[in-house]
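# Report on the structure
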Amino acid sequence: MTTAATAAAIPGARSRVAAFVALTKPRIIELLLVTTVPVMFLAQRGVPSLWLVLATLVGGILSAGAANTFNCVYDRDIDRLMHRTSSRPMVTGEVGVREALVFGAALTVASTVWFALVVNVLSAVLSLLAIALYAVGYTMLLKRRTSQNIVWGGIAGCMPTLIGWSAVTGTVQWPALVLFLVIFFWTPPHYWPLSMAFRDDYATAEVPMLPVERGPVAVGRQVVAYSWVMVATSLVLVPVAGMGWLYTATAVVAGALFVAEAHRLLRAARSGLTGTALRPMRLFHYSITYVTVVFLAVAVDPLAYLPLR
């Protein structure tokens with residue numbers, strides 16, 4: 001191959017690599033890892049082995065990438081109809097169905113084998129379960145059939161808390177289950193505001209997200225209810241895991257701001273505002289800040305422990 005031909009092929013190869021990376025939805029993976037590493041610090045009650053942290057992150061990236069790839073393959077028809085997702089590789093044709101399925105299967109095998117050999121078997125099983133819950137449970141069975149899709153389908157996104165704990169201890173114990181529930185109750189008030197902002201997209205694609213099926217007031221009420229339960233659950237971790245002042249104060253302050261923002265959204269809905277006038281993305285963006293700050297406190301609290309008594 002000539003130098004000119006080689007130079008011309010490089011951008012094409014980079015574009016192909018970028019397309020496959022896009023299938024894994026890197027931004028979602030980042031959020032999942034935010035809930036994995038801090039749990040490892042809590043399980044260790046200090047700094048876990050850096051090699052174990054790295055190994056768990058690698059396995060988590062492979063696992064989440066597999067689940068997201070299968071989601072892109074199955075949802076390519078509705079992604080084509082939604083402005084927010086119309087540039088995904090399966091829609092543009094940058095990646096074919098067969099090669100995407102092979103890619104997803106390869107990531108699944110790689111993540112499972114990696115966890116089993118480098119971390120432990122329980123983490124491997126939980127990782128494989130997370131892929132199945134997202135790719136089959138949420139994407140194939142729930143998303144197009146019920147307005148509660150994100151509630152039960154969101155269980156897949158809770159699995160990193162269990163994987164992080166099991167990576168350190170080889171078990172699943174109560175603190176991990178409490179944090180699992182925090183993410184479970186966090187998911188609806190995190191995702192429904194996004195669905196409110198892109199309601200027309202979901203309606204066009206005939207995806208029965210709650211904001212498509214119900215009005216803003218009804219959605220706002222559920223956002224408020226889940227927000228209160230989420231904050232209450234986050235405080236259950238204090239006695240269950242023996243958390244100190246740092247985590248407790250962080251959970252209270254961050255939770256109070258979350259609940260206040262949820263109530264603001266409900267008030268806006270009750271005043272008759274709809275669509276972008278509700279400013280639902282304010283809560284969506286804050287929800288990411290909330291989970292990052294609270295889980296950072298989960299990691300730091302054992303390191304700078306200040307007992308409540």
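Source: prediction; values computed, not measured.

A word on the nonpolar core. Grouped together as the largest cluster of nonpolar side chains are 82 residues, with contacts concentrated most on Leu42, Trp186, Trp192, Met230, Leu237, Tyr247 and Tyr290. Of the residues forming this core, the biggest block, 13 residues, is contributed by helix α11 (residues 174–197). Excluding residues that lie within four positions of it along the chain, Trp192 makes contacts with Ser147, Gln148, Ile150, Val151, Leu210, Pro211, Val219, Gln222, Val223 and Tyr226. In this structure, Phe20, Leu23, Cys72 and Val73 belong to the second largest nonpolar core, which totals eight residues.

On to the packing of aromatic side chains. If you walk through the whole model with that rule in mind, you get nine aromatic pairs. A centroid spacing of 5.1 Å and a plane angle of 70° characterise the contact between Phe20 and Phe103, whose relative ring orientation is edge-to-face. One end of the pair, Phe20, is in helix α1 (residues 3–23); the other, Phe103, is in helix α7 (residues 97–119), and 83 residues separate them in sequence. Exposure remark for Phe103: the relative accessible area of 22% places this residue in the partly exposed category. With centroids separated by 6.4 Å and ring planes inclined at 65°, the aromatic side chains of Trp51 and Trp114 adopt a geometry described as edge-to-face. Placement of the pair is Trp51 in helix α4 (residues 50–74) and Trp114 in helix α7, with a sequence separation of 63 residues. Looking at Trp114, the relative accessible area reads 26%, which means it is partly exposed. Put simply, the rings of Trp152, Phe184, Phe185, Trp192 and Tyr226 touch in pairs and so form one group of aromatic residues. Its end group placed over the ring of Phe198, Arg84 keeps NZ or CZ at 5.4 Å from the ring centre.

This part takes up unusual backbone geometry. A positive phi angle, close to 55°, is found at Lys25, a residue other than glycine. Looking at the secondary structure, you find Lys25 in the loop between α1 and α2 (26–34). Judged by relative accessible area, which is 10%, Lys25 ranks as buried. Of note, Arg45 is a non-glycine position whose phi angle comes to about 55°, a positive value. Along the chain, Arg45 turns up in the loop between α3 (37–44) and α4. Residue Arg45 is classed as partly exposed on the basis of its relative accessible area of 38%.

This part is about a nonpolar patch on the surface. On the surface, Val172, Trp174, Leu177, Val236 and Val240 cluster together to form a nonpolar patch covering roughly 440 Å² of accessible area. By the element assignment, Val172 lies in the loop between α10 (155–169) and α11.

The contact between α11 and helix α14 (residues 216–241) brings their axes to 9 Å, and the two run at 160°. In terms of axis orientation, α11 runs roughly antiparallel to α14. Of the two elements, α11 crosses α14, and the hand of that crossing is left-handed. Taken together, the residues of the contact of α11 with α14 sort by class into 22 nonpolar, four polar and no charged.

Reading the values: the criteria
- Here the residue numbering is sequential within each chain, running from 1 through the sequence in written order.
- Two thresholds apply to this predicted model, a pLDDT of at least 70 for residue-level local features and 80 or more for giving and counting side-chain atom pairs, whereas whole-chain, interface and lining totals are computed over all residues.
- As a rule here, side-chain values come from all non-hydrogen atoms in the structure, and water together with hydrogens is ignored.
- Buried Ala, Val, Leu, Ile, Met, Phe, Trp, Tyr and Cys residues form a nonpolar core when they are joined through side-chain atoms within 4.5 Å.
- Whether a residue is buried, partly exposed or exposed follows from its accessible area with a 1.4 Å probe, protein chains only, as a fraction of its type maximum: under 20%, in between, or over 50%, in that order.
- In this text, helices come from DSSP runs of H or I with a minimum length of four residues, and strands from runs of E with a minimum of two, each type numbered from the N-terminal end.
- Here, two residues are considered to be in contact whenever any of their heavy atoms come within 4.5 Å of each other.
- Any two of the Phe, Tyr and Trp rings considered here, Trp counted by its six-membered ring, make a pair once their centres fall within 6.5 Å; the pair's planes then place it as stacked at under 30 degrees, edge-to-face at over 60, or tilted in between.
- Charges are assigned to positions over rings by a cutoff of 6 Å between ring centre and Lys NZ or Arg CZ, combined with an angular limit of 35 degrees from the ring normal.
- Within this analysis, patches are made of residues with over 30% relative accessible area and no salt bridge. Like charges are joined at 9 Å or less; nonpolar side chains (Val, Leu, Ile, Met, Phe, Trp, Tyr) at 5 Å or less.
- Note on areas: Shrake-Rupley with a 1.4 Å probe; residue coverage comes only from the protein chains shown.
- Whenever Lys or Arg places a side-chain nitrogen within 4 Å of a carboxyl oxygen from Asp or Glu, that contact is recorded as a salt bridge.
- Orientation is described by lines fitted to C-alpha atoms, with helices fitted over the stretch in contact, and by angles between N-to-C directions that extend from 0 to 180 degrees.
- By definition in this entry, angles of less than 35 degrees are roughly parallel, angles greater than 145 are roughly antiparallel, angles of 65 to 115 are roughly perpendicular, and the rest are oblique.
- A crossing counts as left-handed when the near helix is turned anticlockwise from the far one by less than a right angle, and as right-handed when that turn is clockwise.
- Each residue is assigned to one class: nonpolar for Ala, Val, Leu, Ile, Met, Phe, Trp, Tyr, Cys and Pro, charged for Asp, Glu, Lys and Arg, and polar for all the others, Gly among them.

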